[in-house]
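Chains, contacts and geometry: an overview
The lines below spell out each chain.
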There are 2 protein chains.
Amino acid sequence: MSRQGTTAGGAGGGAQRRATVVDVARLAGVSTATVSRVMNRNYPVAAATRERVESAMRELGYVVNAHARALAGASNRTVGIIVSELVDPFYAYIARGVEREASEGGRLCLICCHQGDPQRELAFIELMHERRADAVVLVGGSVDDRAYKAELARRARELDAGGSKLVLCGRPSLGDDVPTVGVEYDNEGGAFALTDHLITQGHERILYLGGPPGLSTAHDRLVGHRRALELRGLPRDPQLEHPGPFSRTFGYRRMVELLRDGPAFTAVFGANDNVAAGAAQALEEAGVRVPQDISLVGYDDVPVAQELRPRLTTVRIPLEEMGRQAVRVAIGGDDEDDWRAPTTGTLRLGTHIVVRDSVARAPRRG
Amino acid sequence: MSRQGTTAGGAGGGAQRRATVVDVARLAGVSTATVSRVMNRNYPVAAATRERVESAMRELGYVVNAHARALAGASNRTVGIIVSELVDPFYAYIARGVEREASEGGRLCLICCHQGDPQRELAFIELMHERRADAVVLVGGSVDDRAYKAELARRARELDAGGSKLVLCGRPSLGDDVPTVGVEYDNEGGAFALTDHLITQGHERILYLGGPPGLSTAHDRLVGHRRALELRGLPRDPQLEHPGPFSRTFGYRRMVELLRDGPAFTAVFGANDNVAAGAAQALEEAGVRVPQDISLVGYDDVPVAQELRPRLTTVRIPLEEMGRQAVRVAIGGDDEDDWRAPTTGTLRLGTHIVVRDSVARAPRRG
DNA sequence: ATGAAAGCGCTAACAG
DNA sequence: CTGTTAGCGCTTTCAT
């Protein structure tokens with residue numbers, strides 16, 4: 001394992017001193033200002049000089065220090081994304097939108113997963129603020145807790161005071177007096193449409209499964225569901241509402257229990273596709289046919305919806321687009337002058353039902 | 001839109017001057033050194049003083065500037081992840097491992113997707129180097145191109161010279177003289193085992209579908225497949241090998257074509273689960289039963305493998321664990337002294353077949 | 001077209 | 001226990 005520092009750049013392993021502008025300047029026989037100018041191409045430099053500087057940089061293996069650069073004034077070209085779980089397609093697609101939009105704007109993304117813990121979420125916002133991210137995108141529903149919201153508002157103000165923006169992506173605003181921007185989609189309306197679709201097919205007893213109580217997304221969907229019931233004059237039976245995690249596992253387990261000793265129903269509304277997928281598995285294992293015996297719907301239209309057999313009827317959300325808009329709405333109106341960028345603007349994206357094969361007319365009542 | 005610095009921190013919208021250590025120090029009536037000490041808790045400070053400083057920080061809405069901190073010496077506590085696609089579960093699970101391990105070590109992750117473009121990948125490595133990431137994790141197979149590899153080696157050396165590490169996660173080493181660390185799993189062996197499993201079940205004509213030619217992962221899997229064939233004395237029919245993207249779409253389309261006018265076969269080996277999922281759909285639509293008529297296997301054991309009906313027999317890779325090890329192997333032996341951390345160590349993780357329901361004995365030959 | 005020098009905000013010796 | 005001070009590497013006026 002012998003090693004002999006032959007190459008410029010050092011012999012590896014330790015933290016040798018990296019080349020700096022000063023080194024480059026010296027080697028090229030110019031001033032540091034000139035080096036800076038050739039890097040940033042924002043000022044005329046003689047071709048010959050540029051040539052020498054660039055070759056010096058190459059020879060030294062020079063790589064500019066982004067921290068020094070950020071400190072000296074330039075934006076650090078970073079946007080932060082905070083999600084609860086990276087492997088969940090719902091978040092993954094939004095994150096992809098954020099990443100692509102950021103990347104196209106020459107920015108890099110800081111990402112982190114709080115795994116459903118509001119405290120971690122808050123801590124991550126702080127970390128990204130320390131890094132002076134141009135924007136911090138908070139993805140997904142938020143918990144309904146007074147102290148938490150107050151803390152969030154405080155962070156939003158701090159961020160704003162420094163010229164950054166807190167972006168609420170898929171969650172309600174914190175109030176007009178809190179400087180945030182947002183990108184939303186319609187949870188209430190989508191759920192309403194879905195339940196209405198079910199009712200139209202003759203379903204009157206619809207099992208509602210999943211959605212953490214206290215999470216904004218879950219709350220809105222449930223409200224939409226109830227509104228549809230009400231509008232059609234159907235009773236709301238608490239026995240049919242089963243809040244819980246947005247997870248496949250929950251959908252599966254609860255469905256198994258309910259199949260064993262639950263109330264009667266002809267359709268199942270999974271609060272998201274994951275829950276519906278879990279329910280589908282339980283139904284399958286119990287020998288219940290979808291949609292002949294029981295109809296099933298989900299929400300989000302993530303890939304699993306098309307993977308399921310029968311394919312799942314669900315609500316499509318423009319996930320990736322939301323991610324893109326999140327950074328656009330935060331960055332777009334921020335460096336362009338102070339062009340009256342709405343400090344508290346909220347963009348609302350549309351959703352729509354995707355009818356596939358998991359819903360049929362309700363069986364004749366016994 | 002008048003603004004009147006009423007609140008500490010300003011009234012929002014623009015880039016007000018943020019509070020700095022100097023401001024805090026002044027307000028608390030101490031020196032900046034003391035402020036630094038209370039923040040870092042790395043040096044004794046009188047309780048009363050600390051109290052005053054902390055309250056000053058609160059009052060000013062002070063948030064430390066990570067760039068200044070990084071510049072002044074401390075590590076910036078960042079690890080970079082470079083994947084080709086965030087929403088692909090293969091990458092998502094590895095990324096999750098990286099993120100969790102990093103997060104547990106108090107680090108934040110920079111992430112980016114090159115979408116299969118080696119040039120973008122290289123560019124991102126540079127960007128992360130500029131940010132002085134402690135480690136840059138390159139995830140997934142690499143293209144077999146001389147110039148590309150040389151460039152990668154150069155970047156690895158630069159990174160190493162600065163005390164960072166390039167981590168090769170799921171791709172071959174660049175050679176003993178290139179300072180990288182790596183975490184691998186066995187592509188060749190897993191494919192060998194899978195094909196052998198198929199042969200044991202009486203299959204002699206196995207269609208091999210997908211895997212971009214020139215991508216290391218794809219190459220190794222194909223080699224394993226061929227070796228199993230050879231070892232059992234089965235002929236290798238070029239007609240049965242159909243390289244292509246690692247995508248569901250490719251699996252579907254090519255399967256459709258092959259079903260129409262391809263050679264005879266009794267089993268399909270999808271180079272990964274995505275391809276297998278696509279093939280499964282084509283098979284289903286063509287009325288071909290799996291596994292009675294045709295057996296099907298995949299690789300990776302991502303969630304879709306369990307979603308498919310019948311459930312897919314595949315090879316399990318410890319995806320998340322690979323991600324965790326990637327940062328461990330890069331960070332672990334780096335700040336602990338210069339404890340002869342192997343500069344070019346490669347960790348190899350095990351894989352194993354997961355037998356589910358998509359393989360049956362080959363139908364009697366007609 | 002190029003150079004000199006003043007910071008950016010923080011940490012880390014080194015003194016008290 | 002606390003203050004002073006010298007950088008860290010880069011950008012950016014202001015000169016030349």
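Criteria and cut-off values
- Residues numbered from 1 in each chain as written.
- Chains lettered and ligands numbered in written order.
- Predicted model: local features only at pLDDT ≥ 70, side-chain atom pairs only at ≥ 80, totals over all residues.
- Heavy atoms only, no water.
- Least-squares fit on C-alpha atoms with pLDDT ≥ 70 in both.
- Contact = heavy atoms within 4.5 Å.
- Pairing = 2+ DSSP bridges.
- Helix = DSSP H or I, 4+ residues; strand = E, 2+ residues; numbered from the N terminus.
- Axes fitted to C-alpha atoms, helices over the stretch in contact; angles between N-to-C directions.
- Near = heavy atom within 4 Å.
- Polar contact = N/O pair within 3.5 Å; in protein donor to acceptor, adjacent residues only side chain to side chain.
- Nonpolar A, V, L, I, M, F, W, Y, C, P; charged D, E, K, R; others polar.
- Domains from an automatic or database assignment.
- Buried area = accessible area lost by both parts, 1.4 Å probe.
- Salt bridge = Lys/Arg side-chain N within 4 Å of Asp/Glu carboxyl O.
- Disulfide = S-S within 2.5 Å.
- Buried < 20%, exposed > 50% of the residue type's maximum accessible area, 1.4 Å probe, protein only.
- pLDDT = per-residue confidence, 0-100.
- Core = buried A, V, L, I, M, F, W, Y, C linked by side-chain atoms within 4.5 Å.
- UniProt positions renumbered as here; feature names shortened; annotations may be inferred.
- Right-handed = clockwise from strand over helix to strand, strands pointing away.
- Expected span 1.5 Å × (residues − 1).
- Phe/Tyr/Trp six-rings, centres within 6.5 Å; stacked < 30°, edge-to-face > 60°.
- Lys NZ or Arg CZ within 6 Å of the ring centre and 35° of its normal.

So, about the relation of the copies chain B and chain A. Rotating chain B by 180° about the axis while translating it 0.0 Å along that axis superimposes it on chain A, leaving an RMSD of 0.1 Å. As the rotation angle and translation indicate, the two copies are arranged about a two-fold axis. Mapped onto chain A, 96% of the interface residues of chain B are again interface residues, and the two copies thus contact each other with one and the same surface.

Attention shifts here to the sheet that holds strand 4 (residues 165–169) of chain B. The mixed open sheet is built from 12 strands, whose spatial order is 11(A)-5(A)-4(A)-3(A)-1(A)-2(A)-2(B)-1(B)-3(B)-4(B)-5(B)-11(B). A single partner strand is all that each edge strand has here, and the edge strands are strand 11 (346–349) of chain A together with strand 11 (346–349) of chain B. With strand direction ignored, the average angle separating the axes of adjacent strands in the sheet is 20°. Summarising the sheet, strand 1 (residues 78–83) of chain B and strand 2 (residues 108–113) of chain B pair through 6 bridges and their orientation is parallel. When the bridges of strand 2 of chain B are listed, Ile82 of chain B appears paired with Cys112 of chain B.

Turning next to the protein's contact with DNA strand D. Around DNA strand D, a shell composed of 26 residues is seen, among which Val21, Tyr62 and Arg69 of chain A together with Arg37 and Thr49 of chain B lie nearest. For DNA strand D, the fraction of atoms within 4 Å of the protein that belong to sugar or phosphate moieties is 61%. Contact distances for DNA strand D include 2.9 Å between a phosphate oxygen and a backbone N or O atom of Ser31 of chain B. Between Thr34 of chain B and DNA strand D, the recorded distance is 2.7 Å, taken from a side-chain N or O atom to a phosphate oxygen. A class-by-class count of the residues in the surface near DNA strand D yields 15 nonpolar, 9 polar and 2 charged.

With respect to spatial proximity, 27 residues lie near DNA strand C, and among them Thr34, Ala46 and Thr49 of chain A together with Val21 and Tyr62 of chain B are the closest. Sugar and phosphate atoms form 63% of the subset of DNA strand C atoms that lie within 4 Å of the protein. Here Thr49 of chain A contributes a side-chain N or O atom positioned 2.3 Å from a phosphate oxygen of DNA strand C. Leu71 of chain A is positioned such that a nitrogen or oxygen atom in its backbone is 3.3 Å from a base oxygen of DNA strand C. For the surface near DNA strand C, the secondary structure elements donating two or more residues are helix 2 (32–40) of chain A together with helix 2 (32–40) and helix 4 (66–71) of chain B. Per-element accounting of the surface near DNA strand C gives the leading share, 5 residues, to helix 2 of chain B. Looking at the surface near DNA strand C residue by residue, the classes come out as 15 nonpolar, 9 polar and 3 charged.

All right, on to the domain arrangement of chain A then. The assigned domain composition of chain A is domain 1 (8–70), domain 2 (77–185 + 319–349) and domain 3 (187–318). One C-alpha centre belongs to domain 1 of chain A, the other to domain 3 of chain A, and the line joining them spans 60 Å.

On to the interface of chain B and chain A, then. Each partner contributes residues to the interface: chain B has 71 residues there, and chain A has 70 residues. It is Arg18, His67 and Leu108 of chain B that lose the most area in chain B upon contact with chain A, and together they represent 13% of the buried surface on that side. If you look at where chain B meets chain A, you find 8 salt bridges. The closest approach of N and O atoms between Arg309 of chain A and Glu284 of chain B, which form a salt bridge, is 3.0 Å. Looking at the side of chain B that touches chain A, the elements with two or more residues in it are helix 4, helix 5 (89–104), strand 2, helix 6 (118–130), helix 7 (146–161), helix 11 (273–285) and helix 12 (304–307) of chain B. Residue classes in the side of chain B that touches chain A are distributed as 28 nonpolar, 18 polar and 25 charged. Pairing geometry for strand 2 (residues 108–113) of chain A and strand 2 of chain B, over 3 bridges, is antiparallel. By the bridge assignment for strand 2 of chain B, Leu110 of chain A is matched with Leu110 of chain B.

For the structure on display, the rule yields 0 disulfides over all chains. The thiol sulfur of Cys109 of chain A is not disulfide-bonded, and the nearest other cysteine sulfur, from Cys113 of chain B, lies at 8.3 Å. Given a relative accessible area of 1%, Cys109 of chain A falls into the buried group.

Here we take up the confidence of the model for chain A. Residue and element names in this part refer to chain A. Scored by pLDDT, chain A has a mean of 91; 92% of the residues are at 70 or more. Within the model, pLDDT remains below 50 along residues 1–12, and this stretch shows 10 contacts once partners closer than five positions in the same chain are excluded. Note that pLDDT drops below 50 for residues 334–341; the model gives that stretch 8 contacts with residues more than four away or on any other chain.

What follows deals with the nonpolar core. If you look at the biggest cluster of nonpolar residues, it comprises 146 residues, and the most contacted ones within it are Leu209 and Met255 of chain A together with Leu209 and Met255 of chain B. In this view, Leu209 of chain A contacts His242, Phe250, Gly251, Arg254, Met255, Leu258, Val268, Phe269, Gly270, Ala271, Val275 and Ala279 of chain A; residues no more than four positions away in its chain are not counted. In terms of nonpolar packing, the next biggest core, distinct from the first, is built from 38 residues, Ile82, Val136, Tyr148 and Leu159 of chain A among them.

Our next topic: the UniProt feature "domain: HTH lacI-type" (unreviewed entry) in chain A. Look at the UniProt record and you will see "domain: HTH lacI-type" (unreviewed entry) annotated at residues 19–73 of chain A. Split by type, residues 19–73 of chain A is 67% helix and 0% strand. Its first and last C-alpha atoms lie 21 Å apart.

A separate point is the pairing of strand 1 (residues 78–83) of chain A. All names here are of chain A. Extensive coverage of strand 1 is indicated by the burial of 6 of its 6 residues. Residue alternation in strand 1 divides its side chains into two sets, Thr78, Gly80 and Ile82 and Val79, Ile81 and Val83, and both sets are buried. Note that the unit made of strand 1, helix 5 (residues 89–104) and strand 2 has a crossover that is right-handed. In the sheet, strand 1 pairs with strand 3 (residues 135–139) via 4 bridges, with the strands oriented parallel. Paired with Val79 across the strands is Ala135, a residue of strand 3.

So, about helix 7 of chain B. All names here are of chain B. With 16 residues, helix 7 should reach 22 Å at 1.5 Å per residue; the first-to-last C-alpha distance of 23 Å fits that figure. Within helix 7 the residues assigned to the buried category are Tyr148, Leu152, Ala153, Arg155, Ala156, Glu158, Leu159, Asp160 and Ala161. Its side-chain oxygen 3.1 Å from the backbone nitrogen of Ala147, Asp145 forms the N-cap of helix 7.

Here the focus is the sheet that holds strand 9 (residues 295–297) of chain A. Strand pairing in a sheet is mediated by backbone hydrogen bonds. Such pairs are either parallel or antiparallel. All names here are of chain A. Taken in spatial order, the 4 strands line up as 7-6-8-9 in an open sheet, and their pairing is parallel. With partners counted over all chains shown, the strands left at the sheet margins are strand 7 (241–242) and strand 9, one partner each. When strand 6 (residues 206–209) meets strand 8 (residues 267–270), the two strands line up parallel, connected through 4 bridges. Bridge assignment links Leu207 to a residue of strand 8, and that residue is Val268. In the packing of helix 8 (residues 187–200) onto the sheet, contacts are made with strand 6, strand 8 and strand 9, and the angle to strand 8 comes to roughly 170°.

So, about the environment of Val327 of chain B. Residues and elements named next belong to chain B. Looking at the element boundaries, Val327 is found in helix 13 (residues 319–335). Taking relative accessible area as the criterion, Val327 reaches 4% and is therefore assigned buried. Spatially, the C-alpha atom of Val327 lies 12 Å from that of Thr180, the residues being 147 residues apart in sequence.

Residues and elements named next belong to chain A. Summed over all chains, the structure comprises 4 aromatic pairs over all chains. Ring geometry for Tyr208 versus Phe269: centroids 4.8 Å apart, planes at 40°, classification tilted. With a gap of 61 residues between them, Tyr208 in strand 6 and Phe269 in strand 8 connect regions that are remote in the sequence. Residue Tyr208 shares its accessibility class with Phe269, and that shared class is buried. The ring of Tyr299 has Arg221 lying over it, and the distance from NZ or CZ to the ring centre is 3.9 Å. A cation sits over an aromatic face here: Arg227 above Phe192, 4.1 Å from the ring centre.

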